[in-house]
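One-letter residues, chain by chain:
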Amino acid sequence: MSSLAKATEQALLQALEDHQDDLFEKLGQLVAFKTVSPTARNTTPLQEMITTQLETAGFDVKTQPFYDTDTLVSATLHGTDAKAHNSLLLNGHVDVATIADQDWQTDPFTMQRNGDLVIGRGVSDMKGAMACFLYLFDQLKALGVQLPGDLKFQSVVGEEAGEVGTKRLLEQGETVDFALVGDTSDLQLQGQGGVITGWVTLKSQKTYHDGNRVNMVAAGGGLKAASMVEKMVVVIQALQTLEHYWAVTKSYPGFPAGTDTINPSYIEGGIHPAFVADEVRLWITVHFYPDENVDDITAEVEQQVLAAATADPWLRDNLPTFEWGGESMLVDKGEVFPSLELDEDSAAIQLLEVTHESQIGEAPTVTMSTSVADGGWFDYFGIPCVIYGPGTMSQAHTNDEQASFTQLLTYTKIIARFVWQWCHAEKPAKEN
Ligand SMILES: [Zn+2]
């Protein structure tokens, strides 16, 4: 790296220090938009403001409708020699968790400052990181920085309700050398396990009055029929058997044993006491490890349940059916968060570790998130990624949500160093 480039990186860090009031003001602006989810369908005004800021900072911005009054924003600051240099994508969501049933000491949408703490909905998850990104872009523009590689940015919505804003943008053919999701990680580098929800349905061909039960269950009754409530026990036991088997046989560094749970989280069905239950649906939540994928996991679950069903004289002629995932917990009652494996030997992760350490003075923790965020979608589409953001999980979604302003400013400087160095680095020569 030339000494001129180094000087300019230092100038950028100095500018971020000098103009930190702008970061505070920007975060306050973001918090003031009531983008709670649920109810969702309320982010377009905020996304319009972000679009204006990105355009002012020199980005080429594309917006697209998602749901009603929910908009997705993707933007590129074109590099001066993009073909030869690394590209980077910064991703975050602007929807925030609901404040329903929470007692707040202050207005959640009027950001407060108490010493080093900023207080307001989303300061930890994750309007804090979004403000840091936008603040950095402003300072790049103010200093006239021209990065050789492309710097991309996605401002998505829907993450809080399992909605696929990030997936929608990536499936349109995004290609980038590395992505960083700024979701809440307390400045730890994180990957994640995956989660998928599914419905298992048992359905009887015919509906019977309760008076027929005697003929279904008593000796000599002669009626081959069954209660779906009782048959769901077969399914639940099969799931428990598989959950136990996974706990014993599978593991992944950074996860306590048995983290790969199968939760029978919700059940609905039957008609009322004058009927034998003719249809029951079980909603399950399946957690899996970073080195596993959605398709293999759902196949394993189906195989286990179908094997148990095939051993049951009634179920074998009326096999369970499965519906997996969904694109929104609010619309189709399902969600998928694919897993994210970290490649700790990759140049990008190593550079992020170095930039973190040079800013903070100690090496970052590299670990696995106890939650799920949009980082898995990048892995799903083959884009190397890390989850790395300010704020703490204990503050996410809670009342009087707080973040350290010092940490936000430190985060901005680390990202600035990382953006600078990554987008100045030449792409490695392609092996053929
Ligand atoms: Zn989040």
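Criteria and cut-off values
- Residues numbered from 1 in each chain as written.
- Predicted model: local features only at pLDDT ≥ 70, side-chain atom pairs only at ≥ 80, totals over all residues.
- Helix = DSSP H or I, 4+ residues; strand = E, 2+ residues; numbered from the N terminus.
- Buried ≥ 20, exposed ≤ 12 C-beta atoms within 10 Å, placed from the backbone.
- Contact = placed C-beta atoms within 7 Å.
- Pairing = 2+ DSSP bridges.
- Axes fitted to C-alpha atoms, helices over the stretch in contact; angles between N-to-C directions.
- UniProt positions renumbered as here; feature names shortened; annotations may be inferred.
- Core = buried A, V, L, I, M, F, W, Y, C linked by C-beta atoms within 7 Å.
- Expected span 1.5 Å × (residues − 1).
- Parallel < 35°, antiparallel > 145°, perpendicular 65-115°, else oblique.
- Left-handed = near helix turned anticlockwise from the far one by under 90°.
- Nonpolar A, V, L, I, M, F, W, Y, C, P; charged D, E, K, R; others polar.
- Domains from an automatic or database assignment.

Novice: Quick question: what am I supposed to make of the overall build of the protein chain here?
Specialist: When helices and strands are counted, the protein chain shows 11 helices and 18 strands. Along the first, second and third principal axes, the C-alpha set of the protein chain runs to 90 × 55 × 35 Å. Within the protein chain, buried positions represent 45% of all 432 residues. Taking all contacts inside the protein chain whose residues are at least 6 apart in sequence as the whole, residues at least 24 apart take part in 79%.

Novice: Where do I start with the sheet that holds strand β18 (residues 402-404) in this structure?
Specialist: The sheet built from 3 strands is open, its strands ordered β6-β7-β18 with antiparallel pairing. For this open sheet the edge positions go to β6 (112-114) and β18, each flanked by a neighbour on one side alone. The average undirected angle you get between the axes of adjacent strands in this sheet is 30°. Examined bridge by bridge, strand β7 (residues 117-119) and β18 share 3 bridges and lie antiparallel to one another.

Novice: What's the story with the UniProt feature "domain: Peptidase M20 dimerisation" (unreviewed entry) in the protein chain in this structure? I'm lost.
Specialist: Within the UniProt annotation, "domain: Peptidase M20 dimerisation" (unreviewed entry) is assigned to residues 226-307. Measuring from the first to the last C-alpha atom of residues 226-307 gives 19 Å, for a span that is 44% helix and 22% strand.

Novice: Where do I start with the pairing of strand β8 (residues 151-156) in this structure?
Specialist: The side chains of a regular strand alternate, first on one face of the sheet and then on the other. Most of β8 is tucked away: 6 of the 6 residues are buried. Of the two faces of β8, the one holding Leu151, Phe153 and Ser155 and the one holding Lys152, Gln154 and Val156 are both buried throughout. Taken together, the 5 bridges between strand β3 (residues 71-77) and β8 define a ladder with antiparallel strand orientation. In the strand pairing of β8, Thr76 is matched with Lys152. For strand β4 (residues 88-93) and β8, the ladder comprises 6 bridges, and the chain directions are parallel. Its bridge partner being in β8, Leu89 is matched across the sheet by Lys152.

Novice: When you look at the nonpolar core in this model, what are you seeing that I'm missing?
Specialist: Among soluble globular proteins, nonpolar side chains are generally buried collectively. One finds Leu88, Cys132, Phe133, Val386 and Val419 to be the most contacted residues of the largest nonpolar core, which totals 106 residues. When residues of this core are assigned to their parent elements, the largest contribution, 11 residues, is made by helix α11 (residues 405-424). Those residues in contact with Cys132 that sit more than four places away from it in its chain are Leu23, Pro390, Leu408, Tyr411, Thr412 and Ile415.

Novice: Sorry if this is basic, but what is going on with the environment of Pro384 here?
Specialist: Considering the arrangement of structural elements, one finds Pro384 in the loop between α10 (375-380) and β17 (385-387). Residue classification places Pro384 among the partly exposed residues on the basis of 19 C-beta atoms within 10 Å. Measuring from C-alpha to C-alpha, the distance between Pro384 and Asp177 comes to 7.0 Å, with 207 residues separating the pair along the chain. With sequence-adjacent residues up to four places away left out, Pro384 is seen in contact with Phe178, Asp343, Ser346 and Ala348.

Novice: Is there a simple way to think about α11 in this case?
Specialist: Each turn of an α-helix holds 3.6 residues, which means side chains three or four residues apart point in the same direction. Across its 20 residues, α11 extends 28 Å between first and last C-alpha, which sits within 8% of the 28 Å expected from 1.5 Å per residue. Counted residue by residue, α11 has 15 buried out of 20 residues, so it is predominantly covered.

Novice: What's the story with the packing of helix α7 (residues 228-249) against helix α8 (residues 294-310) in this structure? I'm lost.
Specialist: Where α7 contacts α8, the two axes come as close as 9 Å, and the packing angle between them is 130°. The pairing of α7 with α8 is recorded here as oblique in orientation. When you trace α7 past α8, the crossing you get is right-handed. For the pair formed by α7 and α8, the contact residues are Val234, Val235, Gln237, Ala238, Leu239, Thr241 and Leu242 on the first element and Val301, Gln304, Val305, Ala308 and Ala309 on the second. Partitioned by chemical class, the residues of the contact of α7 with α8 number 9 nonpolar, 3 polar and no charged.

Novice: For this particular structure, what's the right way to read unusual backbone geometry?
Specialist: Among all residues save glycine, negative phi is the norm, and among peptide bonds the norm is trans. Look at the link from Ser37 to Pro38: it is a cis peptide, with omega at -10°. Relative to the assigned elements, Pro38 resides in the loop between β1 (36-37) and α3 (44-56). The backbone phi angle of His397 is positive, close to 70°, even though this residue is not glycine. Secondary-structure assignment places His397 in the loop between β17 and β18. One non-glycine residue, Asp400, lies in the positive phi region at around 50°. Note that Asp400 resides in the loop between β17 and β18. With 17 C-beta atoms counted inside 10 Å, the residue Asp400 sits in the partly exposed group.

Novice: Please clarify how the domain arrangement of the protein chain should be interpreted in this entry.
Specialist: Often the size quoted for an interface is simply the accessible area lost on bringing the parts together. What the domain assignment reports for the protein chain is domain 1 (3-191 + 340-424) and domain 2 (194-336). Averaged C-alpha coordinates put domain 1 and domain 2 at centres separated by 39 Å. When the residues that make up the side of domain 1 that touches domain 2 are grouped by side-chain class, the tally is 7 nonpolar, 5 polar and 2 charged.

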